[in-house]
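# Chains, contacts and geometry: an overview
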Amino acid sequence: MERILVTGGAGFIGSNFCNLNKEEYEVIALDNLFLGDERNLLPDIRFIKGDACTKEDLDKAGPVDYVVHLAGTSSAPMFMDDGFVEGYVNSIQSFATVLDWARRNGAKKVLYASTSSLYGNNPLPLVEDQQVTPINHYAVTKRTYEYCARCYNKVYPQMDIVGFRFMSVYGPNEEAKGIYANLISQFCWDIARDKAPVIYGDGTQTRDFTNVRDVAQGLILAIKTDKKLGADVFNIGTGRATSVNEIVDALNKAFGKNIKPKHIENPVKEDYVLGQYADISKIKEVLDYEPTVRLETGIKEQVESLKIEKIRETSSDQYR
Ligand SMILES: NC(=O)c1ccc[n+]([C@@H]2O[C@H](COP(=O)([O-])OP(=O)(O)OC[C@H]3O[C@@H](n4cnc5c(N)ncnc54)[C@H](O)[C@@H]3O)[C@@H](O)[C@H]2O)c1
């Protein structure tokens, strides 16, 4: 069986990826539990409590065929105030350490998380070859990954280093992210507690909400392909824009409730993303990717799998 090391493997996307692929691959989840939770992983998955910034911790995984690098400081607000230096160090150091470790250990590919945040308010649909200017530190770290991957791959072309600009990812296992979780999770937790979800502005802003199973699909297709991917970068999304108002409606429907949202003036005065949806023609063409989870289905599943006892007290008026 081929072996995949997943850094950030106990986190939201990492744990879903591990759980979905454990039958076909030997997946090893490494996480320092900064935000992750080992209980997100199915019991027969090997878990290493360790830091992706540390070669010695990566060594504990033994030789691997692939690395999926999802560890890092995973959202823009985490870089605020005291998180600034640590956020940069954690994200950049882990990426560089993982790349070098993977190459020295003969890995065939490193796949890593970039982000749709890079696009800011670019014209829609968001296409990989658009010019991007990161608008926050989080996006700067991901853009740095992309540049670093390109330079590293020029020197060591034997190992593909492939980036994925995830759109707005939702699904189960996001409780440990608390206030940093996706808006669907936060609204889901609010409505479960009969609390009004707080919407910035009129709720017509849109996101390309992408189920975590489809993110896992895109990653695994990149592992399976025989195509040489070099240091390419792909969007992963659905190609559809859904408004925040529609999300509240869909959640209410799934819960059988009618909780009215609370609209407030948008406190984010600069660079607030008004609309988002990806052009996914590149990943479709190169990797044969096709989004499979309809939003209504994904939301229904999320409501059904709700672990109410694990929800931290979140303030739904933050970080939209
Ligand atoms: N969730 C989204 O919508 C989204 C969108 C775009 C990009 N991304 C990126 O995808 C990746 C995974 O995101 P997520 O939503 O699962 O976030 P997450 O915070 O749940 O997962 C990241 C995991 O990495 C761990 N971690 C952080 N630093 C580490 C280190 N140095 N060593 C080992 N483990 C470490 C954390 O404990 C956490 O479990 C992140 O890089 C994030 O920036 C996520």
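Residues numbered from 1 in each chain as written. Predicted model: local features only at pLDDT ≥ 70, side-chain atom pairs only at ≥ 80, totals over all residues. Heavy atoms only, no water.

This part takes up unusual backbone geometry. In this structure, P125 follows L124 across a cis peptide bond, with omega equal to -5°. Residue position: P125 is located in the loop between strand 5 (109-115) and helix 4 (137-155). Phi at D81 is positive, roughly 50°, even though this residue is not glycine. Relative to the helices and strands, D81 is located in the loop between strand 4 (66-69) and helix 3 (83-104). Judged by relative accessible area, D81 falls into the exposed class, the value being 72%. Backbone geometry places N173, a non-glycine residue, at a positive phi of 75°. For N173, the location among the structural elements is in the loop between strand 7 (168-170) and helix 5 (183-192). (Helix = DSSP H or I, 4+ residues; strand = E, 2+ residues; numbered from the N terminus. Buried < 20%, exposed > 50% of the residue type's maximum accessible area, 1.4 Å probe, protein only.)

On the basis of which strands lie adjacent, the open sheet formed by seven strands has the order 3-2-1-4-5-6-11 and parallel pairing. Looking along the sheet, the strands with just one partner apiece sit at the ends: strand 3 (46-49) and strand 11 (233-236). On average, each strand axis in the sheet is inclined to that of its neighbour by 20°, with strand direction left out of account. Two elements, strand 1 (residues 3-7) and strand 4, share four bridges in a ladder whose sense is parallel. Across the sheet, the residue bridging to T7 is H69, located in strand 4. In this fold helix 1 (residues 12-21) packs onto strand 1, strand 2 (26-31), strand 4 and strand 6 (160-166), with an angle of close to 160° to the strand it touches most, strand 1. (Pairing = 2+ DSSP bridges. Axes fitted to C-alpha atoms, helices over the stretch in contact; angles between N-to-C directions. Contact = heavy atoms within 4.5 Å.)

The values reported here are purely geometric and, on their own, carry no functional implication.
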